[in-house]
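# Topology and contacts: notes
In case you want the letters, here they are:
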Amino acid sequence: RHSMPYGNTRESGLFFISYASQADNFPLILDSMIKGDENGNQDHLLKYTSAITGAAFYAPPIEFLSDENNYL
């Protein structure tokens, strides 16, 4: 995970980037941040902020790109 704050006199925020070897991990990461775990641990920054946008990107491994059978 990486995060980078940004801001000026009118607006501020935090860019958050998460990496995983399997796409299935992202829902788990988001659930743990937003819903928390069985002990009530969650991302407390969400008490003071709200997300205004989001995006997801996939970077396939080189083996996938080099296999011509993977192209449609």
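Residues numbered from 1 in each chain as written. Predicted model: local features only at pLDDT ≥ 70, side-chain atom pairs only at ≥ 80, totals over all residues. Heavy atoms only, no water.

### Here's the deal with the pairing of strand 1 (residues 2–7)
Burial analysis of strand 1 places just zero of its six residues in the buried class, a small minority of the element. Here six bridges tie strand 1 to strand 2 (residues 12–17), and the two strands are oriented antiparallel to one another. Note that in strand 2 the partner of Met4 across the bridge is Phe15. Adjacent in sequence and paired antiparallel, strand 1 and strand 2 are bridged by four residues. (Buried < 20%, exposed > 50% of the residue type's maximum accessible area, 1.4 Å probe, protein only. Helix = DSSP H or I, 4+ residues; strand = E, 2+ residues; numbered from the N terminus. Pairing = 2+ DSSP bridges.)

### Let's talk about the environment of Tyr6
Here Tyr6 lies in strand 1. If near-sequence neighbours (up to four positions away) are discounted, Tyr6 is found in contact with Glu11, Ser12, Gly13, Leu14 and Phe15. (Contact = heavy atoms within 4.5 Å.)

### Overview of the environment of Phe57
By the element assignment, Phe57 lies in the loop between helix 1 (25–34) and helix 2 (62–66). Phe57 sits in the exposed class, given a relative accessible area of 77%. Expressed as a C-alpha distance, the spacing of Phe57 and Tyr19, which sit 38 residues apart in the sequence, is 10.0 Å.

### Focus on the layout of surface pockets
Where empty space is left in the structure can be found by rolling a water-sized probe over the atoms. For the largest pocket, the calculated volume is near 1500 Å³. If you go around the largest pocket, you meet 33 residues; those closest to its centre are Phe16, Ile17, Thr53, Gly54 and Ala55. Among the secondary structure elements, those contributing two or more residues to the lining of the largest pocket are strand 2 and helix 1. Tallying contributions element by element places strand 2 first for the lining of the largest pocket, with six residues. Of the residues in the lining of the largest pocket, the class split is 22 nonpolar, nine polar and two charged. (1 Å grid on protein atoms, 1.4 Å probe; cavity = no way out; pocket = protein on both sides within 12 Å on 5 of 7 lines; lining within 4 Å. Points joined across faces, edges and corners; volume = space filled by probe spheres on them. Nonpolar A, V, L, I, M, F, W, Y, C, P; charged D, E, K, R; others polar.)

What is shown is where atoms sit, not what they do.
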